[in-house]
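Listed here are the chains, written in short residue letters.
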Amino acid sequence: FLNNVNMDLAMMNSILLEQKVSGQPWETFMCGWLQNNTQIWQDWLPDDSTCFPKFGMYNENTEQFVANRDNREGLSCRACPSGTYSKQLIDEGTTYICE
């Protein structure tokens, strides 16, 4: 997650100044900032199909492990079942599938 955060010093200073001028507690101010600036931070979060070793992409709708991200609807990550292993898949990013 932190590797994806992209905020330059000017943006950080602007946010801090806005919070100070507003007089709001930082938690309240940042909640509002997050709600109003999703276009800035949305790409920082990994999508649900970004799996880690020992896990694989799983389709919650079909209740099956899948080998690609062709249909992202319902994708999540689950531990690979006994007797299978986790294999790295590199497409538009890096994830893992169970084989």
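Please refer to the structure placed before this passage.
Note that this is a predicted model, so its numbers are computed, not measured.

Bringing the environment of serine 14 into the picture now. Residue placement: serine 14 occurs in helix H1 (residues 9–22). For the pair serine 14 and leucine 89, spaced 75 residues apart in sequence, the C-alpha to C-alpha distance is 39 Å.

With that out of the way, let us pick up the state of the cysteines. This model, assessed by the stated rule, comprises two disulfides. Between cysteine 51 and cysteine 77 runs a disulfide, and the two sulfur atoms are separated by 2.1 Å. Across the S-S bond linking cysteine 51 and cysteine 77, the dihedral sits near -95 degrees, which makes this disulfide left-handed. In this pair, cysteine 51 is assigned in the loop between helix H3 (38–41) and strand E1 (55–59) and cysteine 77 in strand E3 (residues 75–79), connecting sequence segments 26 residues apart. Paired by a disulfide, cysteine 80 and cysteine 98 hold their sulfur atoms 2.0 Å apart. Negative torsions about the S-S bond denote left-handed disulfides, and the value of about -90 degrees found for cysteine 80 with cysteine 98 makes this one left-handed. Of this pair, cysteine 80 sits in the loop between E3 and strand E4 (86–90) while cysteine 98 is found in strand E5 (residues 94–98), placing the two residues 18 residues apart along the sequence. The residues cysteine 80 and cysteine 98 share a single accessibility class, namely buried.

Moving on: the pattern of salt bridges. Inspection of the entire model under this criterion finds seven salt bridges. One salt bridge connects aspartate 47 with arginine 72, and the closest N-O pair in it is separated by 2.5 Å. Separated by 25 residues along the polypeptide, aspartate 47 in the loop between H3 and E1 and arginine 72 in the loop between strand E2 (64–65) and E3 bring together distant segments of the chain. Accessibility expressed as a relative area gives 33% for aspartate 47, which makes it partly exposed.

Here we take up a nonpolar patch on the surface. On the surface, Leu9, Met12 and Leu16 cluster together into a nonpolar patch covering about 310 Å² of accessible area. In this fold, methionine 12 is placed in helix H1.

The contact between H1 and helix H2 (residues 26–36) brings their axes to 10 Å, and the two run at 125 degrees. Relative to H2, H1 is oriented oblique. Every pair of crossing elements has a handedness; the one defined by H1 and H2 is right-handed. Between H1 and H2, the contacting residues are Met11, Ile15, Glu18, Gln19 and Ser22 on the first element and Trp26, Phe29, Met30 and Trp33 on the second. Tallied by class, residues from the contact of H1 with H2 come to six nonpolar, two polar and one charged.

Two pairing modes exist for strands in a sheet, parallel and antiparallel, and in both the strands are linked by backbone hydrogen bonds. Strand order across the open sheet formed by three strands is E2-E1-E3, with antiparallel pairing between neighbours. Where the open sheet ends on each side, the last strands, each with one partner, are E2 and E3. Bridge analysis of E1 against E3 gives five bridges, and the strand direction is antiparallel. Across the sheet, residue methionine 57 finds its bridge partner in E3, namely cysteine 77.

About the criteria used
Residues numbered from 1 in each chain as written. Predicted model: local features only at pLDDT ≥ 70, side-chain atom pairs only at ≥ 80, totals over all residues. Heavy atoms only, no water. Helix = DSSP H or I, 4+ residues; strand = E, 2+ residues; numbered from the N terminus. Disulfide = S-S within 2.5 Å. Buried < 20%, exposed > 50% of the residue type's maximum accessible area, 1.4 Å probe, protein only. Salt bridge = Lys/Arg side-chain N within 4 Å of Asp/Glu carboxyl O. Patch = residues over 30% accessible without salt bridge, like charges linked within 9 Å, V, L, I, M, F, W, Y side chains within 5 Å. Areas by Shrake-Rupley, 256 points an atom, 1.4 Å probe, with all protein chains shown as cover. Axes fitted to C-alpha atoms, helices over the stretch in contact; angles between N-to-C directions. Parallel < 35°, antiparallel > 145°, perpendicular 65-115°, else oblique. Left-handed = near helix turned anticlockwise from the far one by under 90°. Contact = heavy atoms within 4.5 Å. Nonpolar A, V, L, I, M, F, W, Y, C, P; charged D, E, K, R; others polar. Pairing = 2+ DSSP bridges.

Any functional reading would require information beyond the geometric quantities listed.
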